[in-house]
Amino acid sequence: MRIIWRIFVQDVLHATRNVIAIIVAMGLVIVPALYAWFNIAASWDPYSNTKALKVAVANDDDGYKSDLIPVKVNVGETVVSALRANHDLDWQFVDHDQAVDGVTSGDYYAAIVIPNGFSSDMMTLFSSKVEHAKLEYYVNEKINPIAPEIMDQGAGTVATTIDQTFAKTIGQVGLDLASQVLKYAQSPEMQDYVKSATGNITGARDQLNTAAAQLDAYAGLLGSVNGILDSTNQLLGKSGSAADGARTALDQAVSGANSVSSALSGASGTIGTALSQSAAAYDEVSKQVDEAFANIGTQTDQISKVLATRQADVETMAAAFGAFADATANMAASASSQAVKDVLNAQVQRARDAQTALNGLADAFGRASVGVAGGMADVNQNSDQLKQEIAGARAAVNAVGSDYQSNLKPQLDSLAASLSDATGQTGTVLSALDGVVSNVSGLSDDLGGGVAGLTDVMGKASAALKDSAAKLDDLAGKFSSAVTSGLGDGLSSLSGADPDTIAALLSAPVSVNRVAVFPIANYGSQMAPFYTILSIWVGAIVLAAMLKVTVSDRQKARILGLSALPDSLFEPRTVAGIKIPAPGREAPGNAAPLGILPHHEYLGRYGIFMLLALLQSTLVCLGDIYFLGVQADHVLQFLAVGWLASIVFSNIVYTLTVSFGDIGKAIAVVLLVMQVAGAGGTFPIQTLPGFFQAVYPWLPFPHGIDAMHSAMAGAYGNEYWISMLELAMFLLPSLLLGLVLRAPVMRLNTWVIRNLESTKVM
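No experiment lies behind these values; they were computed from the predicted model shown.

This part is about the overall build of the chain. Per the secondary structure count, the chain includes 24 helices and six strands. Looking at the chain as a whole, 41% of its 762 residues are labelled buried. Excluding contacts between residues fewer than 6 apart, the proportion of contacts in the chain whose partners are at least 24 apart in sequence is 80%. Within the structure as shown, the chain displays about 38500 Å² of accessible surface, and the carbon and sulfur contribution to it stands at 58%.

Here is the structure:
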């Protein structure tokens, strides 16, 4: 141990003997740090600096307009407008030829062309033959290996924008159509139609009652008079004309009843859809709040405006629910059934609760907007309070929808069913009238034998007529009550909420809540373990290239207290009749007879290598943390990984150089190249070819990178210490080669060097 220490101390003194030696030593320590820092800084946040990447956009879309929906849809123009406000890439809006030529010449990294039939193809969704809308995407893949991947993300952004725009457009059209229908329902034309339909229903009821009275009279006459056939034939003629009149009136009643049933069914579905969309809207509102508060500090004014806009949207929605509550209350007041009144009053209370919750949410948006503009102190608390208000508002809106589905909607469906039943009964009446006339007309063949049967048929027909008349009377009352209750006003108020806001929410109904496990601050921090471990290995190679790995004969003599090693050490000897060749000058182990053994030289000279390697790793790791700002939740563990890696790597490279000379240095470089590709520091090891996956556990880089990741972001269980142990295990084969297998390897290396030198070239 004393000899090892003396060799180490002399090496330190030699390395600090003069200014040049100190400068070189400092350079050996600084070079690996510069290598790591430049690479980490260069890759700090590349995906946020894509604004200078030029991407051409050419819009050839002609748009679409149908006869059914008189609204022109041009998805291409909408996408271009959205991209003009997008600054993730440098969008260049040119024509088709410029876009393609620009990609070919390298002026643009990529080009997106929207074809002329794009909107038409998208609108085939509503036809029997659906065409898949396609974008033309051109990308220049030779400019940069990573740029095409970034451009693909840009193309994905465009596709997502188109999908959302299409859904928003369809939602907007649907809301506009619903608004027009409700507007027409309140028009004077609709009122006239309602009066006419009610009059037809009432007239049909009177006709049925008249026909029933006549049938009763005929039945009485047939039962009591058999001798006045002429009078009976005249009555039969009148009954035929009365039946014809009744048929005409009933046809009009059937048509009116079918129209009313269809209107009620559409109204019921429209209310349910509107309430469902109102509740679902608050998922997107919550997401916008999260994104807004996440950008506080960089976009304060914009965020304040966004919050103020959401306040206005919510106030509009609150007013809509208030109007809906008023309309429902009016309908409850005019209802004749107590059960119906109870259902409507419960719906009114639910709507009032929703209005109160929405007003509270609007006030919260207002306070948040003012707070952001004035420099909000506690962002997280205000964000949480705002999200609680959003959750409460959603719950209240959900309650309105649930109560509507379970209570009010069944009442509307029952009314529609009554209409349908009444129209069915009317058909029965018409058939019965035909039977009556047919049966009566046949009396002339066998009047005497058919009087009893005819009387029975007339009695049944009269009962059916009276039953249908009663149902038509009930239908007229329900229809009049539904129209005059103000239901149309309530639906109109509910649909009066901002169509743009509802359509925007419908265009993106699903959001991804990304939860980071062991989060890393940025891309530079994610790449720091790989470049740090790599620089430590590079530092070990630099040390092997700049420092001597063997102890000189002069230094050995000084350690022994001699002026020079005796010449007798370099003369051939004969031991037990075997001639032993003399060791060469500067050869390791040539002073073994004097007490300096090969392992003394190996460990003593390695001391200066290990010292400089530790200084390299310390500078690299401290610079990562305090100069570049790399994330390190556990600083001491981060430094410990660097220290252990420097000891392991420097020992491996030193041992290879001591054992194989320049060939050992070449082996160290080959190991470096293999580990750059197969360490898993850039791409997951599972994505690499099978060869690298096979050698992955036998390389030191992956274990050092894993340990450094755990020190940066936290460890699961003992994974940090397991990785450190796996990294330390690489010292065992290195020390085995340097201390045990060194002698035979050195003889082999001497033979190789002798043959190389004989070439006079190598």
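In this section: the nonpolar core. Residues Ile533, Trp537, Phe638, Val648 and Phe649 are the most contacted members of the largest nonpolar core, which totals 47 residues. With 12 residues, helix α15 (residues 523-546) is the single largest residue contributor to this core. Aside from chain neighbours lying at most four places away, what touches phenylalanine 649 is Ile533, Ile536, Trp537, Ala540, Pro700, Phe701 and Leu727. Val57, Leu89, Ile114 and Met122 belong to the second largest nonpolar core, which has 15 residues in total.

Another aspect to go through is the sheet that holds strand β4 (residues 136-139). Whether parallel or antiparallel, the strands of a sheet pair through hydrogen bonds between backbone atoms. The sheet built from four strands is open, its strands ordered β2-β1-β3-β4 with mixed pairing. Edge positions in the sheet fall to β2 (90-93) and β4, since each has one partner strand and no second. Here the strands of the sheet are splayed against their neighbours by 20° on average, with no regard to which way each runs. Pairing geometry for strand β1 (residues 54-59) and strand β3 (residues 110-114), over five bridges, is parallel. Looking at the pairing, alanine 58 lines up with valine 113 of β3.

It is worth spelling out the packing of helix α17 (residues 598-628) against helix α23 (residues 731-739) at this point. Between two packed helices, what matters for the description is the angle formed by their axes and the separation of those axes. Put simply, α17 and α23 touch, their axes get as near as 10 Å, and they point 135° apart. When the axes of α17 and α23 are compared, the pair comes out oblique. Touching His599, Tyr602 and Leu603 of α17 are Ser734, Leu735, Gly738 and Leu739, all from α23. In terms of residue class, the contact of α17 with α23 is built from four nonpolar, three polar and no charged.

So, about the packing of aromatic side chains. In the structure shown here, the tally under the stated rule is 10 aromatic pairs. Here tryptophan 537 and phenylalanine 701 contribute two aromatic rings whose centre-to-centre distance is 5.8 Å and whose plane-to-plane angle is 75°, an arrangement assigned as edge-to-face. Of this pair, tryptophan 537 sits in helix α15 while phenylalanine 701 sits in helix α21 (residues 700-713), and the two are 164 residues apart along the sequence. A residue is classified by how much of its surface remains accessible, and tryptophan 537, at 1% relative accessible area, is buried.

What follows covers the confidence of the model for the chain. Confidence in the prediction for the chain averages 73 pLDDT; 58% of positions are at 70 or higher. Ranking the elements of the chain by mean pLDDT puts helix α13 (residues 487-495) last with 49 and helix α22 (residues 719-728) first with 95. Scored below 50 in pLDDT, residues 225-240 shows 11 contacts in the model against residues more than four places distant or in partner chains.

Mapped onto the secondary structure, serine 304 falls in helix α9 (residues 300-334). A C-alpha to C-alpha distance of 7.7 Å links serine 304 and alanine 368, two positions 64 residues apart in sequence.

The next point concerns a nonpolar patch on the surface. A grouping of Val19, Ile20, Ile23, Val24 and Met546 is seen on the molecular surface, where their side chains present a nonpolar patch of about 500 Å² in accessible area. With four residues, helix α2 (residues 19-42) is the single largest residue contributor to the nonpolar patch. With respect to the helices and strands, isoleucine 23 occurs in helix α2. Judged by relative accessible area, isoleucine 23 falls into the partly exposed class, the value being 49%.

A separate point is α22. Within α22 the residues assigned to the buried category are Tyr720, Ser723, Met724 and Leu727. Seen from one end, α22 has its buried residues packed into an arc of 100°, which puts them on one side. Exposed side of α22, more than 90 degrees from the buried face: Trp721 and Leu725 are the residues found there. Summarising the contacts, the buried residues of α22 are in contact with α18 (635-660) and α21.

With the rule as written, the count across this model stands at four salt bridges. The partner of aspartate 11 in a salt bridge is arginine 605, and the shortest N-O contact between them spans 2.9 Å. Within this pair, whereas aspartate 11 is found in helix α1 (residues 2-15), its partner arginine 605 is found in helix α17, the two being separated by 594 residues in sequence. Relative accessible area serves as the criterion here: at 6%, aspartate 11 is assigned to the buried category.

Note that glutamine 616 resides in helix α17. Residues within four places of glutamine 616 in sequence aside, it is in contact with Leu28, Val29, Pro32, Gly539, Ala540 and Leu543.

Moving on to α15. For α15, built from 24 residues, the straight-helix expectation of 34 Å at 1.5 Å per residue is met to within 8% by its first-to-last C-alpha distance of 34 Å. Along α15, 19 of the 24 residues are buried, which leaves the element largely enclosed by surrounding structure. For α15, the capping residue at the N-terminal end is asparagine 522, with a side-chain oxygen 3.3 Å from the backbone nitrogen of glycine 524.

Here we come to the side chain of arginine 605. Of the residues examined, arginine 605 reaches a relative accessible area of 7% and is grouped as buried. In terms of polar contacts, arginine 605 uses its side chain to reach the side chain of aspartate 11, at 2.9 Å. Non-local contacts of arginine 605, meaning those with residues more than four positions away in its chain, are made with Ile7, Asp11, Lys548, Val549, Thr550, Val551, Gln555 and Tyr654.

A few words now on the packing of α15 against α18. Where α15 meets α18, the closest approach of the two axes is 9 Å, and the angle between their N-to-C directions is 35°. The interaxial crossing formed by α15 with α18 has right-handed handedness. Only Val641, Gly642, Ala645, Ser646, Phe649, Ser650, Ile652, Val653 and Thr657 of α18 make contact with α15, whose side of the interface consists of Ile533, Ile536, Trp537, Ala540, Ile541 and Ala544. In terms of residue class, the contact of α15 with α18 is made up of 11 nonpolar, four polar and no charged.

Position of aspartate 662 relative to the elements: it lies in helix α19 (residues 662-678). Looking at aspartate 662, the relative accessible area reads 61%, which means it is exposed. Aspartate 662 sits 117 residues away from alanine 545 along the chain, and the two C-alpha atoms are 9.0 Å apart.

Attention now goes to the pairing of β1. Note that β1 and β2 share four bridges and pair parallel. The residue bridging valine 55 from the neighbouring strand is tryptophan 91, located in β2.

The rules behind these values
- Residues numbered from 1 in each chain as written.
- Predicted model: local features only at pLDDT ≥ 70, side-chain atom pairs only at ≥ 80, totals over all residues.
- Heavy atoms only, no water.
- Helix = DSSP H or I, 4+ residues; strand = E, 2+ residues; numbered from the N terminus.
- Buried < 20%, exposed > 50% of the residue type's maximum accessible area, 1.4 Å probe, protein only.
- Contact = heavy atoms within 4.5 Å.
- Areas by Shrake-Rupley, 256 points an atom, 1.4 Å probe, with all protein chains shown as cover.
- Core = buried A, V, L, I, M, F, W, Y, C linked by side-chain atoms within 4.5 Å.
- Pairing = 2+ DSSP bridges.
- Axes fitted to C-alpha atoms, helices over the stretch in contact; angles between N-to-C directions.
- Parallel < 35°, antiparallel > 145°, perpendicular 65-115°, else oblique.
- Nonpolar A, V, L, I, M, F, W, Y, C, P; charged D, E, K, R; others polar.
- Phe/Tyr/Trp six-rings, centres within 6.5 Å; stacked < 30°, edge-to-face > 60°.
- pLDDT = per-residue confidence, 0-100.
- Patch = residues over 30% accessible without salt bridge, like charges linked within 9 Å, V, L, I, M, F, W, Y side chains within 5 Å.
- Salt bridge = Lys/Arg side-chain N within 4 Å of Asp/Glu carboxyl O.
- Arc of directions from axis to C-beta.
- Expected span 1.5 Å × (residues − 1).
- Polar contact = N/O pair within 3.5 Å; in protein donor to acceptor, adjacent residues only side chain to side chain.
- Left-handed = near helix turned anticlockwise from the far one by under 90°.

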